[in-house]
Amino acid sequence: LALGSVATSQVGPVVPPSGVNSGTIGIYGGLYTTGGATAITITTAGTYYQWASTTVGSSSNMTVSAATDDITANIAGTYHLAVACSFTATANATVTMRAFKEGVGMTNCDATRKISSGGDVGAFGITCLVPSVAVNDSFTLHFTSTSNADTVTPTECNMNTIYVGS
């Protein structure tokens, strides 16, 4: 293209995946927590414990459950998963947050943060693409630390999934 010219192209209509009403816009789901009411006790270092006591956020064409603290895909494909979380933890704890798909931790979907001796409020985030998601696969969020008996309390936390294609 020459400087100052405008690129044009014709793009066909966006066709939703099979099983999605053509009038539907968006395939997404979210969970969140505020106020940090529920602490997670890490009884065994390196073992992941699920985030609990979530609240259902916005969703469309996904099943979001506060009872099981998960987001379930109703459409097969690739999803973008994003998590932002602030938390408190035992002083000097090194905490890792990891997203799971169908009970299996995804090593491309995690973050680690060390809390100082003063017991700061820490924060971290995750963003990743998750390919090969099947219908009824669920996403959950888990925490661990490098020491036994550490406590992690997600204070303000949200997890969102968005369908990006087949």
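Anything mentioned here points back to the structure above.
Presented here is a report on the structure given in the accompanying data block.

Calculation rules
- Residues numbered from 1 in each chain as written.
- Predicted model: local features only at pLDDT ≥ 70, side-chain atom pairs only at ≥ 80, totals over all residues.
- Heavy atoms only, no water.
- Salt bridge = Lys/Arg side-chain N within 4 Å of Asp/Glu carboxyl O.
- Helix = DSSP H or I, 4+ residues; strand = E, 2+ residues; numbered from the N terminus.
- Buried < 20%, exposed > 50% of the residue type's maximum accessible area, 1.4 Å probe, protein only.
- Pairing = 2+ DSSP bridges.
- Phe/Tyr/Trp six-rings, centres within 6.5 Å; stacked < 30°, edge-to-face > 60°.
- Disulfide = S-S within 2.5 Å.

1. Here we look at the pattern of salt bridges
Okay, step 1: Tallied over the entire structure, the rule returns two salt bridges.
Okay, step 2: Across the pair Asp137 and Lys101 runs a salt bridge whose closest N-O atoms are separated by 4.0 Å. Of the two residues, Asp137 is situated in the loop between strand 10 (121-133) and strand 11 (138-145) and Lys101 in strand 8 (residues 94-101); the sequence distance between them amounts to 36 residues.
Okay, step 3: Classification of Lys101 as buried rests on a relative accessible area of 19%.

2. Observations concerning the pairing of strand 9 (residues 104-114)
Okay, step 1: Sheet analysis places strand 8 next to strand 9, joined by seven bridges and oriented antiparallel. Bridge pairing links Met97 to Ala111 in strand 9.
Okay, step 2: Counted between consecutive antiparallel strands, the loop separating strand 8 from strand 9 contains two residues, among which Glu102 sits at a positive phi close to 55°.

3. Regarding the packing of aromatic side chains
Okay, step 1: Under the counting rule described, the total for this entry stands at four aromatic pairs.
Okay, step 2: An angle of 65° between the planes, with centres 5.6 Å apart, marks the rings of Tyr48 and Phe100 as edge-to-face. Here the residue Tyr48 occupies a position in the loop between strand 2 (40-42) and strand 3 (49-50), and Phe100 occupies one in strand 8, the gap between them amounting to 52 residues.
Okay, step 3: Look at Phe100 and you get buried, because its relative accessible area is 9%.

4. Remarks on unusual backbone geometry
Okay, step 1: Positive phi, normally seen in glycine, also occurs at Asn61, with a value near 60°.
Okay, step 2: Look at Asn61 and you get partly exposed, because its relative accessible area is 25%.
Okay, step 3: At Glu102, a position not held by glycine, the phi torsion is positive, near 55°.
Okay, step 4: In this structure, Glu102 sits in the loop between strand 8 and strand 9.

5. A word on the state of the cysteines
Okay, step 1: Under the counting rule described, the total for this entry stands at one disulfide.
Okay, step 2: Disulfide pairing is shown between Cys109 and Cys128; the S-S distance is 1.7 Å. An S-S torsion of about 95° defines the bridge between Cys109 and Cys128 as right-handed. Taken together, the residues span a long stretch of sequence, with Cys109 in strand 9 and Cys128 in strand 10 at a distance of 19 residues.
Okay, step 3: Taking relative accessible area as the criterion, Cys109 reaches 0% and is therefore assigned buried.

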